[in-house]
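Residue strings, one per chain:
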Amino acid sequence: MNARMTTELGAIELKNPVMCGSGEMVIDEAGIRSALEAGAAAVFMKSTNESDVARAQLARSDYALLDSEWREVDWDFRPPPDASLFCRSGLTPQPFDAWLEMLATTDAYAREHDAFVIPSLIPADLDTAITYARRTEEAGARVLELNVAASHADEASQGALTLERSGDGVKRILSRFREAIDIPIWVKLTGQSGNVTELAKGARDGGADAVTLAGRFMAFVPDVETMRPVLGTHAGFGGPWALPITCRFLVEARKELGASFPLIGTNGARSRLDVIRFLLSGASAVQMTSAVFAGGFGVLRGSIDAVDRYLEEHATEASAIVGAAADRVATYAEQEERPGYWRKFVPEGSSDA
Ligand SMILES: Cc1cc2nc3c(=O)[nH]c(=O)nc-3n(C[C@H](O)[C@H](O)[C@H](O)COP(=O)(O)O)c2cc1C
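Remember, it's a predicted structure, so these values are computed and weren't measured experimentally.

Things to note about the site of the ligand
Reasoning step 1: Looking at the ligand, there are 26 residues lining it, with G21, S22, S47, T289 and S290 nearest.
Reasoning step 2: Going through the elements one at a time, β7 (84-88), β18 (285-288) and α9 (290-295) are the ones with two or more residues in the shell around the ligand.
Reasoning step 3: If one sorts the elements of the shell around the ligand by residue count, α9 sits on top with three residues.

Focus: the packing of helix α5 (residues 167-180) against helix α6 (residues 196-206)
Reasoning step 1: In the contact formed by α5 and α6, the axes pass within 7 Å of each other and the chain directions differ by 25°. Accordingly, the angle class assigned to the pair α5 and α6 is roughly parallel. Here the hand of the crossing between α5 and α6 comes out right-handed. Between α5 and α6, the residues in contact are G167, D168, V170, K171, I173, L174, S175 and R178 and E198, L199, K201, G202, A203, D205 and G206, respectively.

Describing the sheet that holds strand β17 (residues 263-265)
Reasoning step 1: Across the sheet, which stays open at both edges, the nine strands sit in the order β8-β4-β3-β18-β17-β12-β11-β10-β9 with parallel pairing between neighbours. Since the sheet does not close on itself, it has two edges, and those belong to β8 (116-118) and β9 (120-121), each with one partner.
Reasoning step 2: Relative to β18, β17 runs parallel, the two being bridged by two bridges. The partner of G265 across the bridge, within β18, is V286.
Reasoning step 3: Of the strands in this sheet, β4 (42-44) and β8 are in contact with helix α3 (residues 96-112), which crosses β8 at around 155°.

So, α5
Reasoning step 1: The end-to-end C-alpha separation of α5 is 20 Å, in line with the 20 Å expected for 14 residues at 1.5 Å each.
Reasoning step 2: Turning to α5, its buried residues number three or more, namely G167, V170, K171, I173, L174 and F177.
Reasoning step 3: Turning to α5, the residues buried within the fold contact α4 (126-138), β10 (144-147), β11 (185-190) and α6.

Remarks on the sheet that holds strand β5 (residues 62-66)
Reasoning step 1: In spatial order, the strands read β6-β5-β7-β16-β13; together these five strands make up an open sheet with antiparallel pairing. Sheet topology places β6 (72-73) and β13 (217-219) at the edges, where each strand pairs with a single neighbour.
Reasoning step 2: Summarising the sheet, β5 and β7 pair through five bridges and their orientation is antiparallel. Each bridged residue has a counterpart across the sheet, and for D62 the counterpart in β7 is R88.

Section: the nonpolar core
Reasoning step 1: Ranked by size, the top nonpolar core spans 106 residues in total, and within it A40, V43, L189 and L300 carry the most contacts.
Reasoning step 2: Per-element accounting of this core gives the leading share, six residues, to helix α7 (residues 242-257).
Reasoning step 3: Discounting residues that sit within four places of it in the chain, L189 has contacts with V148, A149, V170, V196, L199, A200, A203, V211, T212, L213, A214 and G215.

Description of the environment of L144
Reasoning step 1: Along the chain, the position of L144 falls in strand β10.
Reasoning step 2: For the pair formed by L144 and P119, sequence separation is 25 residues and the distance between their alpha carbons is 5.6 Å.
Reasoning step 3: Setting aside residues up to four positions removed in sequence, L144 forms contacts with P119, L121, A133, T136, I181, I183 and I185.

Things to note about the pairing of β10
Reasoning step 1: Here β10 shows two buried faces, one formed by L144 and L146 and the other by E145 and N147.
Reasoning step 2: Examined bridge by bridge, β9 and β10 share two bridges and lie parallel to one another. Opposite L121, over in β10, you have L146 as the bridge partner.
Reasoning step 3: Chirality of the crossover, the property in question, places the unit of β9, α4 and β10 among those that are right-handed.

Quick notes on the rules
As a convention, each chain's residues are numbered from 1 in the sequence order in which they are written. Reporting in this predicted model follows two pLDDT cut-offs: at least 70 for local features of residues, and 80 or more for side-chain atom pairs to be given and counted; totals over whole chains, interfaces and linings ignore these cut-offs and use all residues. Whether a residue is near a molecule or strand depends on its C-beta atom, placed from the backbone, lying within 6 Å of it. Helical segments are the DSSP runs of H or I of at least four residues, strand segments are the runs of E of at least two, and each set is numbered from the N terminus. Think of each axis as a best-fit line through the C-alpha atoms, taken over the contacting stretch in the case of a helix, with angles from 0 to 180 degrees between the N-to-C directions. An angle below 35 degrees is treated as roughly parallel, one above 145 as roughly antiparallel, one from 65 to 115 as roughly perpendicular, and anything else as oblique. Here is the rule for handedness: rotate from the far helix to the near one, and if that takes an anticlockwise turn smaller than a right angle the crossing is left-handed, while a clockwise turn gives right-handed. Here, residues touch in the contact sense if the C-beta positions derived from the backbone fall within 7 Å of one another. Whether two strands pair comes down to DSSP finding at least two bridges between them. Helix span, expected: 1.5 Å multiplied by one less than the number of residues in the helix. Each residue is classified by how many other C-beta atoms fall within 10 Å of its C-beta atom, where C-beta atoms are placed from the backbone; a count of 20 or more means buried, 12 or fewer means exposed, and values in between mean partly exposed. For our purposes the nonpolar core covers buried Ala, Val, Leu, Ile, Met, Phe, Trp, Tyr and Cys residues that link as a set through C-beta atoms within 7 Å. A clockwise path from the first strand over the helix to the second, with the strands pointing away from the viewer, defines a right-handed crossover.

Right, here's the structure in full:
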């Protein structure tokens, strides 16, 4: 292990802060192995639950990469840096037993790489999800990801996916899982409800060991040529623009929960130093999903190398910079007064200065 790259999420030590998030590219064993071989410290399996409807939704998935003027760009695994991903997805089509078997096989391979393969559950029926969680633990899972933030939940059939919007709701769900299993639970929360801090507190109080902030937003993109919705529906949306919003969620959660409660960043990591940006905002590790899906597994290696170079150049360590910028954020009221300074930013002709 490279000592400057290691990072801790509670009792779990990771060899570096770069994780491959759950998505279609890690739906099968080959994808998970590729992510591990690219150096990811953890790979989150494509999520599952017991709902046939959620499973079937994958057959209706569709994906569009949009540039910053909302034009669709080619899917050639070399996305432009400003590309956003607009898509609808579904859960893994695998039967649960086959998925569990894949967990055991790939996590054994992960151990050879000092890494983790992490099962990801998106509850539909809570009792069934708890049974599934117990079975992942019995199958040898070392951590469970619980996603209670499925962006597509409102578009899917009633009850097929969980999108929990209240802190009390998150706490209730977490408490049930906490009673049922002993392995660490990392919970992914939504950024769509405007109360991320409440959700994070609910997760911690319910017994989560780490909180992942935050799930993607839902969006609608009209096509000006056809006058129809791009992809025909609402869909999940993420891009480089999401990074500062996620960073603020991290800063706020750190302020509320304290520096010792582990946070994971998701939503917006694209270019090479984005993992550093998330660390500086308070995340101890970062999931990269869309960037890997649209750009290939080499994106993980590129990010790991960039983080390593940055830490070497700054003579520091990953764990030492977690929250460094977050802890320096000031209030508006603390800023020096500069009367009239704002005029510098007003275009010619619009001010009588
Ligand atoms: C195509 C696609 C499929 C996804 N599937 C899942 C999933 O099955 N389970 C899950 O927890 N998150 C899923 N996500 C969410 C991602 O893991 C991640 O949290 C989100 O995309 C934001 O991170 P990013 O900006 O790195 O993409 C998916 C995202 C995309 C784009």
